[in-house]
Amino acid sequence: MAGRINDDDVKAVRDAVPIDAVVSEYLQLRNAGGGNLKGLCPFHDEKSPSFQVSPSKGLFHCFGCQEGGDTIAFVMKIDHLSFSETVERLAAKAGITLRYEEGGYNPSHQRGERIRLIEAHQAAAEFYVRALESPEAEIGRTFLAERGFDQDAAAHFRVGYSPAGWDHLTRYLRGKGFSDKELITSGLSQDGRRGPIDRFRGRLMWPISDTAGDIVGFGARKLRDDDNGPKYLNTPETPIYKKSQVLYGIDLAKKDIAKASRAVVVEGYTDVMACHLAGVTTAIATCGTAFGNDHIKILRRLLMDNGSARVIFTFDGDSAGQKAALRAFEDDQKFAAETYIAIAPDGMDPCDLRLVKGDDAVRDLVEPRTPLFEFALRQIVGRYDLETPAGRAAALDEAAAVVAKIKTSSVQREVAVQLAGLVGILDQEFVVRRVAQLAHWARNKGGDQGDRGGRGGPQGRGPRGGAPQQTAPAPAFSGPALNLRSPAHRTERELLKLALQRPALVSPAFDAYGVDEFTAPPYAAVRRCIEEAGGAEQGIADDRAYLGAVLDAAPDNTVRSLVTELAVEVFIGKTIDETYAGVQLVHVRLRAVDRRIADVQSSLTRLGSNVAPHELAAAQSEVWVLQQYAQNLRVHGAAAL
């Protein structure tokens, strides 16, 4: 049985896979200053980016939810993997062969479940692609050709074909070493009378990948009249496939979505293909389910919800498409991006539109024109007879309830004014008041929870996008909470950031500082971790190994989180050099000296005439020495340390 992964191999994996490259597979990152990058946190909802990545340190930290760590910690949390599964996955990405403590290499049947299921899907995708070239798959090739997709298009999207027999894929994957249990768990096979059989048979196959590019499921299109199954059959819910959390084409579109700050949401696999081939490379689709909250989270992380972001929904012009548009509008307020709807005048979907009118028509279709809220309101109002007072009143009642869900008051008012025009009510202020009243009732009924995800939560943001303004994680510490309005706490924080991020600037002086020189208990805990890791001087030769040692020395997750926070946080100062470092060193030491002087003098005052002569002389001598030291620090700065 394989043992734990060799420590040197774990370190090699950490060093070989850049954290910014891994994180960028899940969200858009932008320059945060000081060599750091920032983005919307994937672990909690927020409107402004408080998630920072330090490529040079190999660490991430969110100042909103306090999650932090290295590349391995990020992948473990976001993909719900074990430590060994994560290391194995990253090692495969980096081309590193892992060794195990008890000897030998990891046998395939002992690899983590997620990795095994993904490997099974990758093997299945390759099997399906080859099967598309077989004589039996002529019907599938014809289906593609009739919709304007040639062999190159099929290859680009890795479209394949599942043979019509009972267990072609099952036998193939068994031969690759996959167990029956793995095949059933993956959803590629299902239970038959005599054992597992193929779930997909005689169908055109589209592989569905997650944001990282791993194939996690398939979409299968019926080709034959004697197939009694549904038109489209998707992979069932599995440990790696949740239809509400995947978007078809996201692996191909994510870079262009982030680059263009635009996403086009279509309804089907062939629509995604048509859009991409027409040059709309930001197109994605849901997989057999409505566009929902989890899909929004995926797009928000890529769009970063900046002011110019656009999300364009394309729906069929039929009633089902209109219902889909209204459902999308229900979630519209969860985007900071502007949302639009695009429906071809003749109701064609992008695939048919490209086939009939060409690529230009597809590109023209998805140019933003009709705001989604306007379309939704027109659909609601259109169901009523606006020629009668009763019809106008009923239309207003239904539509106003929708407008009342808009959270931003200025936008809510603007849309309410437009609603008045749609319904035909001349008194715009009456409609505005009606909408505001409904919004007020809704808040009182449900409890106004506020914006839980906005602006980095209760901590706020500090100057230059740096530290939170009030409290850092303190539950695990005794003593007063951090107060960054305190000059002492601010300076201690800067000095610890220097010790973690730029140890060469504060070594060896920093390593002579006692834990008691840090007045905030959380900072004292971090200072102790640095001490146990061998001191800041260890970071000069190998900063990543040093940071790893500091993290390993942390007694709990609260301290560990604070270490990652300090290791990626931007400095307050503009120029970070020896002079800046010297100022922080001096201020922390000077306050410690002044505190000691005050303590000794206070003790002497309390004791009064009861102090022994030799104790009085020693105390007075200590005060004199400390006062001289403090004076030298004030006059000569870091040179006096």
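Refer to the structure printed above.
Since the model is a prediction, treat every value here as computed from it, not as a measurement.

A.B. asks: In this structure, what is going on with the overall build of the protein? I would like to understand it.
C.D. replies: Within the protein, the regular secondary structure consists of 27 helices and 16 strands. By residue count, 50% of the 641 residues in the protein fall in the buried class. Residue pairs at least 24 apart in sequence account for 67% of intrachain contacts in the protein once pairs closer than 6 positions are excluded. Summed over all atoms, the accessible surface of the protein reaches about 29200 Å², with 50% contributed by carbon and sulfur.

A.B. asks: Help me understand the sheet that holds strand S14 (residues 310-314), please; the structure alone is not making it clear to me.
C.D. replies: In sheet architecture, strand pairing relies on hydrogen bonds along the backbone and comes in two forms, parallel and antiparallel. Across the sheet, which stays open at both edges, the 5 strands sit in the order S13-S12-S14-S15-S16 with mixed pairing between neighbours. Either end of the sheet is taken by a strand with one partner, and the two such strands are strand S13 (283-285) and strand S16 (370-371). Relative to S14, strand S12 (residues 262-266) is paired through 4 bridges, and the arrangement is parallel. Counterpart to arginine 262 in the pairing with S14 is arginine 310. Its contacts with the sheet put helix H11 (residues 269-277) on S12 and S13, and the angle it makes with S13 is roughly 175°.

A.B. asks: Which parts of the structure should I look at to understand the nonpolar core?
C.D. replies: Across soluble globular proteins, you tend to see nonpolar side chains buried next to one another. Of all hydrophobic cores here, the largest spans 45 residues; its most connected members are Leu144, Val159, Leu204, Trp206, Tyr248 and Met273. Ranked by residues supplied to this core, first place goes to H11 with 5 residues. Each residue touching tryptophan 206, except ones within four places of it in the same chain, is listed here: Phe143, Leu144, Val159, Gly217, Phe218, Gly219, Arg221, Tyr232, Tyr248, Tyr269, Thr270 and Met273.

A.B. asks: For this particular structure, what's the right way to read the sheet that holds strand S11 (residues 232-234)?
C.D. replies: Taking strand neighbours across the sheet as the criterion, the 4 strands line up as S6-S9-S10-S11 in an open arrangement whose pairing is antiparallel. Edge positions in the sheet fall to strand S6 (160-162) and S11, since each has one partner strand and no second. Pairs of neighbouring strands in the sheet enclose a mean axial angle of 35°, with direction left out of account. Here 7 bridges tie strand S9 (residues 203-209) to strand S10 (residues 215-222), and the two strands are oriented antiparallel to one another. Opposite tryptophan 206, over in S10, you have glycine 219 as the bridge partner. Sitting on the sheet, helix H6 (residues 138-146) is in contact with S9 and S10, with an inclination near 70° to S9.

A.B. asks: Help me understand the pairing of S9, please; the structure alone is not making it clear to me.
C.D. replies: Moving residue by residue along a regular strand, the side chains alternate between the two faces of the sheet. Where burial is concerned, most of S9 is hidden: 7 out of the 7 residues are buried. Here S6 pairs with S9 via 3 bridges, running antiparallel. The residue bridging serine 162 from the neighbouring strand is arginine 203, located in S9. Connecting S9 to the antiparallel partner S10 that follows it, the hairpin turn spans 5 residues, and glycine 213 within it adopts a positive phi of roughly 95°.

A.B. asks: Any chance you could explain the pattern of salt bridges here in plain terms?
C.D. replies: For side chains bearing opposite charge, pairing can occur when the charged atoms are close. Per the counting criterion, the structure on display carries 34 salt bridges. For the salt bridge of aspartate 9 with arginine 99, the shortest nitrogen-to-oxygen distance reads 2.8 Å. You can see aspartate 9 sitting in helix H1 (residues 7-16) and its partner arginine 99 sitting in the loop between helix H4 (83-94) and helix H5 (113-131), a full 90 residues away along the chain. Classification of aspartate 9 as buried rests on a relative accessible area of 6%. A relative accessible area of 39% means that arginine 99 is categorised as partly exposed. With a shortest N-O distance of 2.5 Å, glutamate 429 and arginine 413 are connected by a salt bridge. With glutamate 429 in helix H19 (residues 428-446) and arginine 413 in helix H18 (residues 409-423), this residue pair connects regions lying 16 residues apart in the sequence. Given a relative accessible area of 33%, glutamate 429 falls into the partly exposed group. Sharing partners across several salt bridges, the network here consists of Asp79, Arg89, Arg114, Asp210 and Asp214.

A.B. asks: Please explain empty space enclosed by the protein as it appears in this structure.
C.D. replies: Rolled over the atoms, a probe sized like a water molecule indicates the empty space that remains. This structure, assessed with the given rule, holds 3 cavities of 30 Å³ or more. Taken together, His156, Phe157, Arg158, Pro207, Ser209, Tyr248, Gly249, Asp251 and Leu252 form the lining of the largest cavity. For the lining of the largest cavity, the class distribution of residues is 4 nonpolar, 3 polar and 2 charged.

A.B. asks: Help me understand helix H14 (residues 350-357) in this model?
C.D. replies: For the α-helix, the turn length of 3.6 residues means that residues three or four positions removed from each other point alike. Of the residues making up H14, those classed as buried are Pro350, Cys351, Leu353 and Arg354. Summarising the axial view, the buried residues of H14 lie within an arc of 165°, below the 170-degree limit, and thus occupy one face. Here the buried face of H14 lies against S12, H11, S14 and helix H15 (359-365). Positive backbone phi, at 95°, marks glycine 358, one or two positions downstream of H14.

A.B. asks: Any chance you could explain the packing of helix H3 (residues 71-79) against H4 here in plain terms?
C.D. replies: Two quantities define a packed helix pair, namely the angle between the helix axes and the distance between the axes. Following both chains from N to C, one finds H3 and H4 inclined at 110°, their axes separated by 9 Å at the closest point. Judged by the inter-axis angle, H3 sits roughly perpendicular to H4. The handedness of the crossing between H3 and H4 is right-handed. Of the residues in H4, those touching H3 at Thr71, Ile72, Val75, Met76 and Asp79 are Phe83, Thr86, Val87, Arg89 and Leu90. Residues belonging to the contact of H3 with H4 are distributed by class as follows: 6 nonpolar, 2 polar and 2 charged.

Calculation criteria
- Residues numbered from 1 in each chain as written.
- Predicted model: local features only at pLDDT ≥ 70, side-chain atom pairs only at ≥ 80, totals over all residues.
- Heavy atoms only, no water.
- Helix = DSSP H or I, 4+ residues; strand = E, 2+ residues; numbered from the N terminus.
- Buried < 20%, exposed > 50% of the residue type's maximum accessible area, 1.4 Å probe, protein only.
- Contact = heavy atoms within 4.5 Å.
- Areas by Shrake-Rupley, 256 points an atom, 1.4 Å probe, with all protein chains shown as cover.
- Pairing = 2+ DSSP bridges.
- Axes fitted to C-alpha atoms, helices over the stretch in contact; angles between N-to-C directions.
- Core = buried A, V, L, I, M, F, W, Y, C linked by side-chain atoms within 4.5 Å.
- Salt bridge = Lys/Arg side-chain N within 4 Å of Asp/Glu carboxyl O.
- 1 Å grid on protein atoms, 1.4 Å probe; cavity = no way out; pocket = protein on both sides within 12 Å on 5 of 7 lines; lining within 4 Å.
- Points joined across faces, edges and corners; volume = space filled by probe spheres on them.
- Nonpolar A, V, L, I, M, F, W, Y, C, P; charged D, E, K, R; others polar.
- Arc of directions from axis to C-beta.
- Parallel < 35°, antiparallel > 145°, perpendicular 65-115°, else oblique.
- Left-handed = near helix turned anticlockwise from the far one by under 90°.

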